[in-house]
Amino acid sequence: MDPATSQEVTWASHLGQSIGFLEKVNRLFCYCEERGKRCMTDKKIAMKHKKKIALVAHDNKKRDLTEWAKYNRDLLAQHRVYATGTTGRVLEQELGFEITTLQSGPLGGDLQIGAKVADGEIDFLIFFWDPLEAMSHDPDVKALLRMAVVWNIPLACNRTSADFMITSPLMNEEYDRLIPDYDEYRARKIKRNESR
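Residues numbered from 1 in each chain as written. Predicted model: local features only at pLDDT ≥ 70, side-chain atom pairs only at ≥ 80, totals over all residues. Heavy atoms only, no water.

Enquirer: In this structure, what is going on with the overall build of the protein? I would like to understand it.
Expert: Summing up its helical and strand segments, the protein has eight helices and seven strands in all. Looking at the protein as a whole, 33% of its 196 residues qualify as buried. Put simply, 74% of the contacts in the protein that link residues at least 6 apart link residues at least 24 apart. Per element, the accessible surface of the protein, about 13,000 Å² overall, is 53% carbon and sulfur. (Helix = DSSP H or I, 4+ residues; strand = E, 2+ residues; numbered from the N terminus. Buried < 20%, exposed > 50% of the residue type's maximum accessible area, 1.4 Å probe, protein only. Contact = heavy atoms within 4.5 Å. Areas by Shrake-Rupley, 256 points an atom, 1.4 Å probe, with all protein chains shown as cover.)

This is the structure we're talking about:
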């Protein structure tokens, strides 16, 4: 088989897999409708031109985040920047513009940022966390990362992903991010034995 034909077969295989996946998703929606269950729909949340960015770093990553922020200072200055405790104070000194500083991570700063994500007050999270160091507030870190995923905000956990995100053309544009419409979840009837 010549290379061109081999490549065409590979692409056809990927296309077939994609179509198969879409057919499964369609069957799932049909199944939900047949059973009288409503499937969750998406809702748009507008991200303005001026983004609300949270910068968080564990102790062993503060230097890395500070260097990254200094390199991207002019771009960050065009947005509203939030940070936890020490990171916020260091960044404000190094960057020379106002940073909204919350509590230190172990004192509840990660939870404050997570709450702001849930309330739509943070659009974008750059969190340089240390994967090799156990933290006393690991549950808070996990909760913050979970909120970023639940509310579908851009999340960078290292310098490379932060570089890719901040240089995206979407960074300086308005953008509608999609999130599941949680209204149905909030309004669901709770069974007597259901604890959540």
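From this point on, the discussion continues.
Enquirer: Would you explain the confidence of the model for the protein in this entry?
Expert: Low-confidence regions, as indicated by low pLDDT, have predicted coordinates that should not be scrutinised in detail. On average, residues of the protein score 82 in pLDDT, and 76% of them reach the 70 mark or higher. In this model residues 3-16 is a low-confidence stretch, pLDDT under 50, and it forms two contacts with partners more than four residues away in sequence or in other chains. In the predicted structure, residues 24-32 sits below a pLDDT of 50 and forms three contacts with residues beyond four places in sequence or in another chain. (pLDDT = per-residue confidence, 0-100.)

Enquirer: Would you explain the sheet that holds strand S5 (residues 124-128) in this entry?
Expert: Each strand in a sheet pairs with its neighbour through backbone hydrogen bonds, running either in the same direction (parallel) or in the opposite one (antiparallel). Here five strands make up an open sheet; going across it, the order is S4-S3-S2-S5-S6 and the pairing parallel. Pairing within the sheet leaves two strands with one partner each, and these edge strands are strand S4 (100-102) and strand S6 (155-156). Two elements, strand S3 (residues 80-84) and S4, share three bridges in a ladder whose sense is parallel. The partner of Ala-83 across the bridge, within S4, is Thr-101. The strands that helix H4 (residues 85-95) touches are strand S2 (52-57), S3 and S4; relative to S3, the one it contacts most, it runs at about 135 degrees. (Pairing = 2+ DSSP bridges. Axes fitted to C-alpha atoms, helices over the stretch in contact; angles between N-to-C directions.)

Enquirer: Help me out: how do you make sense of the nonpolar core in this one?
Expert: In summary, soluble globular proteins display a tendency toward joint burial of nonpolar side chains. Leu-55, Leu-65, Trp-68, Leu-76, Leu-91 and Ile-126 are the most contacted members of the largest nonpolar core, which totals 21 residues. Elements with a minimum of two residues in this core: S2, helix H2 (62-71), S3, H4, S5 and helix H7 (159-166). With sequence-adjacent residues up to four places away left out, Trp-68 is seen in contact with Leu-55, Leu-76, Ile-126, Phe-128, Arg-159, Ala-162, Asp-163 and Ile-166. Counting 19 residues, the second largest nonpolar core, distinct from the first, contains Val-56, Val-141, Val-150 and Ile-179. (Core = buried A, V, L, I, M, F, W, Y, C linked by side-chain atoms within 4.5 Å.)

Enquirer: Would you mind showing me how to read the packing of H2 against H7 here?
Expert: Helix-helix packing is characterised by the crossing angle of the two axes and by the distance between the axes. Here H2 crosses H7 at 25 degrees, and the two axes come no closer than 11 Å. Judged by the inter-axis angle, H2 sits roughly parallel to H7. For H2 against H7, the interelement crossing comes out right-handed. In contact with Asp-64, Glu-67 and Trp-68 of H2, H7 contributes Arg-159, Ala-162, Asp-163 and Ile-166. In the contact of H2 with H7, the residues fall into three nonpolar, no polar and four charged. (Parallel < 35°, antiparallel > 145°, perpendicular 65-115°, else oblique. Left-handed = near helix turned anticlockwise from the far one by under 90°. Nonpolar A, V, L, I, M, F, W, Y, C, P; charged D, E, K, R; others polar.)

Enquirer: Mind showing me how you'd approach the packing of helix H5 (residues 109-118) against helix H6 (residues 138-150) here?
Expert: Between H5 and H6, the least distance of the axes is 9 Å, while the angle of their chain directions is 15 degrees. Here H5 is positioned roughly parallel relative to H6, judged by the angle of their axes. Of the two possible hands of crossing, H5 and H6 adopt the one that is left-handed. Counting all contacts with H5, which are made through Asp-110, Leu-111, Ile-113, Gly-114, Val-117 and Ala-118, the residues of H6 involved are Asp-140, Val-141, Ala-143, Leu-144, Met-147 and Ala-148. A class-by-class count of the residues in the contact of H5 with H6 yields nine nonpolar, one polar and two charged.

Enquirer: Would you explain H4 in this entry?
Expert: Residues lying three or four places apart along an α-helix face the same way, a consequence of the helix completing one turn every 3.6 residues. Residues Gly-85, Thr-87, Gly-88, Leu-91 and Leu-95 constitute the buried set of H4. Summarising the axial view, the buried residues of H4 lie within an arc of 165 degrees, below the 170-degree limit, and thus occupy one face. For H4, exposure combined with an orientation more than 90 degrees from the buried face picks out Arg-89 and Gln-93. Elements that come into contact with the buried residues of H4 comprise S2, H2, helix H3 (73-76), S3 and S4. Among the residues trailing H4, Gly-96 stands out with phi positive, at a value near 75 degrees. (Arc of directions from axis to C-beta.)

Enquirer: Sorry, what's going on with the pairing of S2 here?
Expert: Summarising burial for S2: five of the six residues are buried, a large majority. Note that S2 and S3 share four bridges and pair parallel. Following the sheet pairing, Lys-52 is matched in S3 by Arg-80. Across five bridges, S2 lies against S5 in parallel orientation. By the bridge assignment, Ala-54 is partnered in S5 with Leu-125.

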